[in-house]
Amino acid sequence: MPHRAVPQLICPAGSLPALKAAVDHGADAVYIGYRDDTNARNFAGLNFDQKAMVAGIRYAQSRQRKVLMAINTFAQPGRAAAWQRAVDGAADLGVDAVILADIGLLDYASRRHPTLRLHLSVQGSATSYEAVNFAHREFGVQRAVLPRVLTLAQVETVIRNTPVEIEVFGFGSLCVMNEGRCWLSSYATGESPNTVGACSPAKYVKWEKSPGAMSTRLNGILIDRFGDDEAAGYPTLCKGRFEVGGETYYALEEPASLNVLEVLPEIAAIGVAAIKVEGRQRSPTYVAQVTRSLRAALDALASDAQHFQVKAAWQAELARVSEGSQVTLGAYNRPWR
Amino acid sequence: MSEFFSIPRFKLPRLVAAVGAKLPQWPHSLALATALNAAARAGLLPADSVAMLEGRTFVVDVLDAGAHASFTYRGGVFRPLWQLPQDPDLSFSARLSAFLQLLARQEDPDTLFFNRELTIVGDTELGLLIKNMLDAVELPRLPQRPTLPIFRH
């Protein structure tokens, strides 16, 4: 079959059934996390205990798929050992790579486990090839996940100037996109992904139903109010509607999901190594739906890049599961530089 | 599962809700509590997560059926509540089709929430815990339809 190289498909798993759904529907790799604040999806009841990890890694690797362990929060004062233990544990489990953000932890992992493959997390916030090359030179990082602030042309510039594989986001909820540097959640609640592994932790969130409307509050702050026919989003400050200059609107970011199907040929052409799906907090159903659509699109691209066309069925399935029920190309096609 | 059949999005006729609301609600509560206990006994629900439900009250409201079920978890057992609690710790409301789609893993709860087909009021963290607990349940696998080989690269 004539085919061209296409990016690997990296899918999220917050549970064993989600991991199996990703593998069964064509993910090349899944990324998972521990049940604690060493990863940025530290939500009640989510993620893998030791038993589920062993089972999940065996399930994926026996089918020639890879497992990546996200240890992508920042070690907190006095507790660095917990993050180091997480890296040691991942190495012992035989994961194919760890996804790290903390410079100190990258240093630890590269010294302690020289054969362990390191990926630089999006939370590491490397937006330039200098930053990516620094991580490569100092810690031997072999892949970097770029934040979702870059245009395609900027992604290409990074790729041309680094030996490091580049991974970009292909689908999933968008936030204000300042990954690893965002403190909006801390502003409202005192807690953020970098510190506790969760943005806008659920214990601060209240949904209030009233006739004809639903209000969202984060730690008492009114973030949004939806009419009964309006699509809702996650309860984060960046997706709230605020009164600015006498107008009430999404002043920071609209609730939407990134979807790169339309630019998939360009993404493959510039040499992106992998595309990542956001959503370890979502259900196995979402993982199956998104993985299935993107796999079909990547396979279509691989087999006949010349005649690649985005199928309506893929778009419909992805639009349905999107936050705010809308999709966008995000920064990839923005005119700004 | 959804490769074999698909639950459509539907709304029961108004009459169903009108009649349903006049019927006694305790059988729903009893049925739901019994089902949850059976799932727990079968080892489907992770023990550490279930333990965190101790003493909390829940209401499940099936809007277009005029039916609700309420229950609590106490002393390791799900127990039906004979009277609707005034201020439950958590309440889920949706139409019957949305609940069925959720149970069949045909739709993702966040999707239903974004689309305003599922409402969650009360302790949000408790809701998240329950959602994640149910997501982690390994459902028995139906026989797979034979699939064509996929050429991988």
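Rules and cut-offs
Residues numbered from 1 in each chain as written. Chains lettered and ligands numbered in written order. Predicted model: local features only at pLDDT ≥ 70, side-chain atom pairs only at ≥ 80, totals over all residues. Helix = DSSP H or I, 4+ residues; strand = E, 2+ residues; numbered from the N terminus. Contact = placed C-beta atoms within 7 Å. Nonpolar A, V, L, I, M, F, W, Y, C, P; charged D, E, K, R; others polar. Pairing = 2+ DSSP bridges. Axes fitted to C-alpha atoms, helices over the stretch in contact; angles between N-to-C directions. Parallel < 35°, antiparallel > 145°, perpendicular 65-115°, else oblique. Left-handed = near helix turned anticlockwise from the far one by under 90°. Core = buried A, V, L, I, M, F, W, Y, C linked by C-beta atoms within 7 Å. Buried ≥ 20, exposed ≤ 12 C-beta atoms within 10 Å, placed from the backbone. Domains from an automatic or database assignment. Right-handed = clockwise from strand over helix to strand, strands pointing away.

Asker: What should I look at first to understand the overall build of chain B in this one?
Answerer: A tally of regular secondary structure across chain B gives 6 helices and 5 strands. Along chain B, helices (α) and strands (β) appear in the sequence α-α-α-β-β-β-β-α-α-β-α when read from the amino end. Long-range pairs, those at least 24 residues apart, make up 71% of the contacts in chain B with a sequence separation of at least 6.

Asker: It is not clear to me how the interface of chain B and chain A should be interpreted in this structure. Could you clarify?
Answerer: For interface size, the figure often reported is the accessible area lost on association. Taken together, the contact pairs 27 residues of chain B with 33 residues of chain A. Among the secondary structure elements, those contributing two or more residues to the side of chain B that touches chain A are α5 (109-114), β5 (118-122) and α6 (124-135) of chain B. Of the residues forming the side of chain B that touches chain A, the biggest block, 7 residues, is contributed by α6 of chain B. Its residues assigned to classes, the side of chain B that touches chain A comprises 11 nonpolar, 8 polar and 8 charged.

Asker: Looking at this structure, I do not really get the sheet that holds strand β8 (residues 205-210) of chain A. What am I missing?
Answerer: Paired through their backbone hydrogen bonds, the strands of a sheet run either parallel or antiparallel. Residues and elements named next belong to chain A. Spatial ordering of the open sheet is given by β8-β9-β10, a layout of 3 strands whose pairing is antiparallel. Two strands in the sheet have a free side with no partner beyond their single neighbour: β8 and β10 (221-227). For this sheet the average axis-to-axis angle between neighbouring strands, irrespective of direction, equals 20°. Here β8 pairs with strand β9 (residues 213-218) via 6 bridges, running antiparallel. Considered in β9, the bridge of V205 is made with L218.

Asker: How should I be thinking about the sheet that holds β5 of chain B in this particular structure?
Answerer: Residue and element names in this part refer to chain B. Read from one edge of the open sheet, 5 strands run β3-β2-β1-β4-β5, paired in mixed fashion. Every other strand in the sheet has two partners, leaving β3 (77-80) and β5 as the edge strands with one partner each. Looking at each pair of strands side by side, their axes are set apart by 20° on average, direction ignored. Relative to strand β4 (residues 90-94), strand β1 (residues 57-62) runs parallel, the two being bridged by 5 bridges. Along β4, the bridge assignment pairs V62 with A94.

Asker: How do you make sense of the packing of helix α1 (residues 16-24) of chain A against helix α10 (residues 284-303) of chain A when you look at a structure like this?
Answerer: Each pair of packed helices gets described by two things: the angle between the helix axes and the distance between those axes. All names here are of chain A. Direction vectors running N to C along α1 and α10 enclose 15°, while the axes themselves pass 8 Å from each other. Overall, the two elements α1 and α10 adopt an arrangement that is roughly parallel. Judged by the sense of rotation from one axis to the other, the crossing of α1 with α10 is right-handed. Packed against α1, whose contacting residues are P17, A18, A21 and A22, the element α10 presents P284, V287, A288 and T291 at the interface.

Asker: Help me understand the nonpolar core in this model?
Answerer: Nonpolar side chains in soluble globular proteins tend to end up buried together. Residues V30, I71 and V98 of chain A are the most contacted members of the largest nonpolar core, which totals 119 residues. When residues in this core are grouped by element, the largest group, 8 residues, is from α10 of chain A. Both domains that furnish three or more residues to this core are identified here as domain 1 (8-174 + 256-333) and domain 2 (201-250) of chain A. Once residues lying within four places of it in the same chain are set aside, the contact partners of I71 of chain A are T38, N39, W83, A86, V87, A90, V98, I99, L100 and L105 of chain A. Listed in part, the 11 residues of the second largest apolar core include A94, L102, F113 and I120 of chain B.

Asker: Sorry, what's going on with the domain arrangement of chain A here?
Answerer: Residue and element names in this part refer to chain A. Split by domain assignment, chain A resolves into domain 1 (8-174 + 256-333) and domain 2 (201-250). Summarising the inter-unit geometry, the C-alpha centres of domain 1 and domain 2 are found 29 Å apart. Tallied by class, residues from the side of domain 1 that touches domain 2 come to 2 nonpolar, 3 polar and 1 charged.

Asker: Teacher, can you tell me more about the pairing of strand β7 (residues 165-173) of chain A here?
Answerer: Looking along a regular strand, one sees side chains alternate from face to face of the sheet. Residue and element names in this part refer to chain A. With 8 of its 9 residues buried, β7 lies for the most part within the structure. Examined bridge by bridge, strand β6 (residues 143-145) and β7 share 3 bridges and lie parallel to one another. Opposite A144, over in β7, you have I166 as the bridge partner. Handedness of the crossover joining β6 and β7 through helix α6 (residues 152-160) is recorded here as right-handed. Looking at chain direction, β7 and strand β14 (residues 274-277) are connected through 4 bridges and run parallel. Paired with F171 across the strands is V277, a residue of β14. Examined bridge by bridge, β7 and strand β13 (residues 257-259) share 3 bridges and lie antiparallel to one another.

Asker: What exactly am I supposed to notice about the pairing of strand β2 (residues 29-32) of chain A here?
Answerer: All names here are of chain A. Side chains A29 and Y31 of β2 all project onto a buried face; the interleaved residues V30 and I32 project onto the opposite face, where all are buried too. Relative to β2, strand β1 (residues 8-12) runs parallel, the two being bridged by 3 bridges. Within the sheet, the bridge partner assigned to I10 lies in β2 and is A29. In this region the chain leaves β1, passes through α1 and returns to the parallel neighbour β2; the handedness of that crossover is right-handed. Between the parallel elements β2 and strand β3 (residues 66-71), the chain passes through helix α2 (residues 50-61) in a crossover that is right-handed.

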